[in-house]
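Structural features, examined
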Amino acid sequence: MAYLLCYTRQPVNEQIYDPKLAYSVHLAVSEDGAQYCPLNHNSGVLFAKATENQDGSLNAKSLKNPWIFPLPDGRYGIAAIRVEGDGEADEESRGSVLLFQTDNLTEYRELGLLELGAEHIERVACTYLPEKGTIRVIWQELSGGCYLSEIRDMEERRLLSNPVCCEDAFGSCIGNLPTELRIEGALPQNVVEIPGETADRLCKRLLTPVNIGITFPEQVEVSGLHELERYRAKACYSDGSSVEKRVDWDLSKVDFKKKGTYAITGKVHQDHYAFPVAYNCADPCVGRWNGKYYFIATNDADGNHTLYIREADTIPELVDAREHLLLDSETYPGIGGLLWAPEFHEIEGRLYIFHAATPGEFFCEESHVMELKEGGNPICREDWSAPRRVVRRDGTDICEAGKEITLDMTCFAWQKEYFAVWSQRQFLPKDLGAWLYIAKLNPKEPWKLSTDPVVLSKPEYGWANNHTFVDEGPFALPREDRLYLTFSSAAVDTSYVVGLLAIEKGKDLLDARNWRKKNYPILTSRSVEGEYGTGHNAYVTDEEGTVWNTYHARPGVDGARSSGIRRVHFNAEGEPVLDMTEEMDVKEGYRYVNTRLVVSSKAD
């Protein structure tokens, strides 16, 4: 058996860990019930959803005093006090507690409020009673009174009997809390025993995988260098995943013109990217086109009035590549500034750049597309068309400029169709925050949607409405049987994070119910030391099949938005991991491999 601690955290400040992050469910595991390991970078894994008003605006919510308890068949329930986003009492939740259910402690379903009485609830505790098949609920009101009752079913959320007054009912429930807890800011709530295999899976899912070894065949037989280069080392990770990596061999004593056996040593190849790779470059994107790589980003250095492009033969060479001016805010009528979030996209063999721009003011920011002429050179600005505003299928505007804006439009192919996803924000008559929309895209004219827009995601969780209500920066990551879509949320300060949506192959992308949103972000200011406000990322796959994540973050709390590059790892369950650093990817002690190289015949 192992032990699972359920806790919240003490808020720090608006820049580091404020209430909308601290007031969420955090988890830690222990083998002995004394020493606990915090999961997910000591960050929340379960957040309360915002409530929605009739006009579409959202009311941010958080939760306090969560209580986790086992249910039959390996499931778990969580009861918590829903509060306002900043932690104050929530009038919508007066007299009620919020219930969740989970099958695996990594994905949760919010069931809704359980009504207990008329007064605000301070704390709650639940226990499953197998002999009765019911759940005992104990709660304490803000006035101090304690009561208990039972419910039959968490889905039904109905008390089976009138509440019974009880004194000090929590005393027997909280006795197993650790006496000394060395977790920064932790406010422990309760502990439950869990099977060892459950704890092991939690650690594999909620701790960043780490390289635990690298293997290579003890002997390889080749006729030449080209055959040796086909062999790959296998890097294994703590969660059970693995990846193949190229090896840079020392072949100084090998003669491929002669048969023989050689003992050789090689170093596992790893491209190095010190953060940041480009200062004042936000929303970075790397594209691959006709055997070369291209880098483009929002230019914070000049107030977003220009877009520059870099070209190189490899991704590492992009770091120091020359910049070429591609677009400015003076060349074309209607393109006056705020040139944001440029992205490369290949559509039916043609290269396009999707970006946002405005004739002048922020409230007229809209999504645009530029097309590279046939046979054109991407670094030559004259070879690109003038930006065209993205419109609906009938040619009308997606929204009314001055009242709503669109930005961060991305494009991807899935199941032989093209789709666009973008961020759209209504400011008038009321600011609703930025939501993600999706529609099919006309590949012949990719500045036109071919279906009506559908709302895909709203900033409903505390990590998404932190400092502002924003979902933006979507980018697709297609896999064999599943499509992932990462997006960025909250303000573009240290609050900025990356969330994850996923959908199974064969399902309708235009039905938001088919998408699964992870309840917690997968990249935050707590993911990698020294990188704050991580977000607005994009992906590129190199010639060896390695997927790279380009993103921006701040090198320090007050640092400028700057670009980073890191390999995307896929965990044992196939989900993308964005916080595996180079040191975790290849441990120092495993960098070198040895083999016996048998040159079997004379090379061609």
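Anything mentioned here points back to the structure above.
Remember, predicted model here, so these are calculated numbers, not experimental data.

About the thresholds
Each chain has its residues counted from 1, running along the sequence as written. Local features are withheld for residues below a pLDDT of 70 in this predicted model, meaning they are given only at 70 or higher, and side-chain atom pairs are given and counted only at 80 or more; totals for whole chains, interfaces and linings count all residues. No hydrogens and no water enter the side-chain calculation; it runs on all heavy atoms of the structure. Exposure classes here rest on a 1.4 Å probe applied to the protein chains alone. A residue is buried below 20% of its type maximum, exposed above 50%, and partly exposed in between. Helix numbering and strand numbering both begin at the N terminus, where a helix is a DSSP run of H or I of at least 4 residues and a strand a DSSP run of E of at least 2. Here a strand pair is declared whenever DSSP counts at least two bridges between the two strands. Put simply, buried Ala, Val, Leu, Ile, Met, Phe, Trp, Tyr and Cys residues joined by side-chain atoms within 4.5 Å make one nonpolar core. Any two residues whose heavy atoms approach within 4.5 Å at even a single point are treated as in contact.

1. Focus: the pairing of strand E25 (residues 337-347)
A large share of E25 lies buried, amounting to 10 of its 11 residues. Note: E25 against strand E26 (residues 350-358), 7 bridges, orientation antiparallel. Its bridge partner lying in E26, Glu346 is registered against Leu351. Turn length for the E25-E26 hairpin, with the two strands adjacent in sequence and antiparallel, is 2 residues, and the turn residue Glu348 shows positive phi of about 50°.

2. A word on the sheet that holds strand E35 (residues 497-504)
Where strands meet in a sheet, backbone hydrogen bonds hold them as pairs that are either parallel or antiparallel. Read from one edge of the open sheet, 4 strands run E33-E34-E35-E36, paired in antiparallel fashion. With one partner strand each, in any of the chains shown, strand E33 (471-478) and strand E36 (516-517) form the two edges of the open sheet. Pairing of E35 with E36 involves 2 bridges; the strand directions are antiparallel. Counted as the bridge partner of Leu501 is Lys517 from E36.

3. Re the nonpolar core
One recurring pattern in soluble globular proteins: nonpolar side chains tend to sit buried together. Counting residues in each nonpolar core, the largest one holds 49 residues, and the members touching the most others are Leu4, Phe412, Leu509 and Trp515. The residues touching Leu4, leaving out its near neighbours within four places in the chain, are Leu27, Ala28, Val29, Tyr36, Ile68, Leu105, Asn190, Val191, Val192, Ile194 and Leu202. Counting residues in hydrophobic clusters, the runner-up holds 32 residues, among them Ile296, Leu307, Leu339 and Leu477.

4. Remarks on unusual backbone geometry
Cis geometry is found at the peptide bond from Phe275 to Pro276, where omega equals -5°. With respect to the helices and strands, the residue Pro276 is situated in the loop between strand E20 (260-268) and strand E21 (281-289). For the bond from Leu428 to Pro429, the omega torsion is 5°, close enough to zero to count as cis. Its place among the elements puts Pro429 in the loop between strand E30 (417-426) and strand E31 (433-440). A positive phi angle, near 70°, is found at Lys416, a position not held by glycine. Structurally, the position occupied by Lys416 is in the loop between strand E29 (404-414) and E30. Since its relative accessible area comes to 88%, Lys416 is described here as exposed. With phi around 40°, His536 is a residue other than glycine that occupies positive phi space. By the element assignment, His536 lies in strand E37 (residues 532-541). Relative accessible area serves as the criterion here: at 3%, His536 is assigned to the buried category.

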